[in-house]
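Breakdown of the fold
Letter by letter, the chains look like this.
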Amino acid sequence: MSNAIEIQNFSYRYPDGTSALSDINLAVEHGLRVALIGPNGAGKSTLLLAMAGFIKGAGKVSIDGLEVNRKNLKEVRRRIGCCLENPDDQLFMPTLFDDIAFGPLNLGLSPEQVRGCVAEALATVGLAEMAEKAPHHLSAGQKRGAAVATILAMSPKIITLDEPDGSLDPRHRKNLVRLLAGLSQTLVIATCNMNLAAVVADRVVLMDSGMIIADGDVQKIMSDSKLMAEHGLEVPQKFSDSN
Ligand SMILES: Nc1ncnc2c1ncn2[C@@H]1O[C@H](COP(=O)(O)OP(=O)(O)OP(=O)(O)O)[C@@H](O)[C@H]1O
Ligand SMILES: [Mg+2]
């Protein structure tokens, strides 16, 4: 069986000349929860954009065995759902209901099925009461949850989340951890929150300066205080006693 995500020799330069990714090689098996960690500017968000074909660079990206290219893009986006760094980029309809319904409607589901998907997705992120609210009137943390719900409603096999705990208070952060831990999909979570990475991930990929510096066991990488400090990161609470 093909991997959920396969990236081979992928490099990307932004139009202004910034080299954001250099020769990335990464394979993620189905069902795995991967935390993508690294300092600001490491290339985490850019790598997530590459996975869903939002940017095109040199090298090859495949999602669930499908090469990410123009021809396959629609099918690729059915299989991978991306929760973007800024929730405002995902919320643009008059009501939250419409925003969550947008994806399922595009997938061709019936109105009844769509109502079901929306209700379930909103309940999962604790926003069941907010369906009729204008998304731009939600609080920052609620927008974060709403953006996650837009992805959940489409039930993609693979989900990427970019800084999903931004603006969340401790209770909602705990809810998010519970939610992510309960998902059966392949997850790639880009985060600067080492505690979130340590509790949710099965595997850690540490990036810096557009390169993968370390890839593998969560405890081995994240409890390595020298490695973490070299890349501007902290050992998470879960592993700080072992130093
Ligand atoms: N639209 C853009 N145009 C030019 N350069 C960009 C653009 N977006 C990002 N970059 C640059 O690409 C590099 C990687 O940025 P990226 O956003 O992928 O980092 P990141 O690891 O997600 O950082 P953060 O933790 O701050 O979210 C950085 O040097 C950044 O300045
Ligand atoms: Mg980022």
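Below, the structure is looked at part by part. Note that the structure is predicted; figures quoted are calculated from it, not measured.

What counts, and where the lines are drawn
- Residues numbered from 1 in each chain as written.
- Chains lettered and ligands numbered in written order.
- Predicted model: local features only at pLDDT ≥ 70, side-chain atom pairs only at ≥ 80, totals over all residues.
- Helix = DSSP H or I, 4+ residues; strand = E, 2+ residues; numbered from the N terminus.
- Rg over C-alpha atoms; globule rule 2.2 N^0.38 Å.
- Buried ≥ 20, exposed ≤ 12 C-beta atoms within 10 Å, placed from the backbone.
- Contact = placed C-beta atoms within 7 Å.
- Expected span 1.5 Å × (residues − 1).
- Pairing = 2+ DSSP bridges.
- Axes fitted to C-alpha atoms, helices over the stretch in contact; angles between N-to-C directions.
- Core = buried A, V, L, I, M, F, W, Y, C linked by C-beta atoms within 7 Å.
- Near = placed C-beta within 6 Å.
- Nonpolar A, V, L, I, M, F, W, Y, C, P; charged D, E, K, R; others polar.

Attention shifts here to the overall build of the protein chain. Counting its secondary structure elements, the protein chain contains 10 helices and 10 strands. Taking 243 residues into account, the globule formula puts the C-alpha radius of gyration at 18 Å, and the protein chain, at 18 Å, falls close to it. Based on the C-alpha atoms only, the size of the protein chain along its principal axes is roughly 50 × 45 × 40 Å. Counting all 243 residues of the protein chain, 44% fall into the buried class. Pairs at least 24 residues apart make up 64% of the contacts formed inside the protein chain by residues separated by at least 6 positions.

Here we take up helix H5 (residues 140-152). Its 13 residues give H5 an end-to-end C-alpha distance of 19 Å, which sits within 8% of 18 Å, the value for a rise of 1.5 Å per residue. Of all 13 residues in H5, 11 are buried, a share of seventy percent or more. Of all the positions in H5, only Gln142, Lys143, Arg144, Gly145, Ala146, Ala147, Val148, Ala149, Thr150, Ile151 and Leu152 are classed as buried. Buried residues along H5 sit against strand E6 (80-83), helix H3 (96-106), helix H4 (111-124) and strand E7 (158-162).

Before going further, it helps to spend a moment on the sheet that holds strand E8 (residues 186-190). Pairing is mixed in the open sheet, where six strands are placed in the order E6-E7-E8-E3-E9-E10. A strand with exactly one partner marks an edge of an open sheet, and here the two such strands are E6 and strand E10 (211-216). Within this sheet the neighbouring strands show an average axis-to-axis angle of 15 degrees, counted without direction. Pairing of strand E3 (residues 33-37) with E8 involves four bridges; the strand directions are parallel. What sits directly across from Ala35, in E8, is Ile189.

Once that is clear, we can look at the nonpolar core. By size, the foremost hydrophobic cluster in this structure holds 77 residues, and its most contacted members are Leu36, Ala149, Ala197, Val204 and Met222. In terms of residue count, the dominant contributor to this core is H5 (six residues). Discounting residues that sit within four places of it in the chain, Ala197 has contacts with Ala35, Ile37, Thr191, Val204, Met222 and Pro236.

This part covers the site of ligand 1. Around ligand 1 lies a shell of 13 residues, among which Tyr14, Asn40, Lys44, Ser45 and Thr46 are the nearest. No other element matches helix H1 (residues 44-51), which puts three residues into the shell around ligand 1. Grouping the amino acids of the shell around ligand 1 by side-chain chemistry returns four nonpolar, seven polar and two charged.

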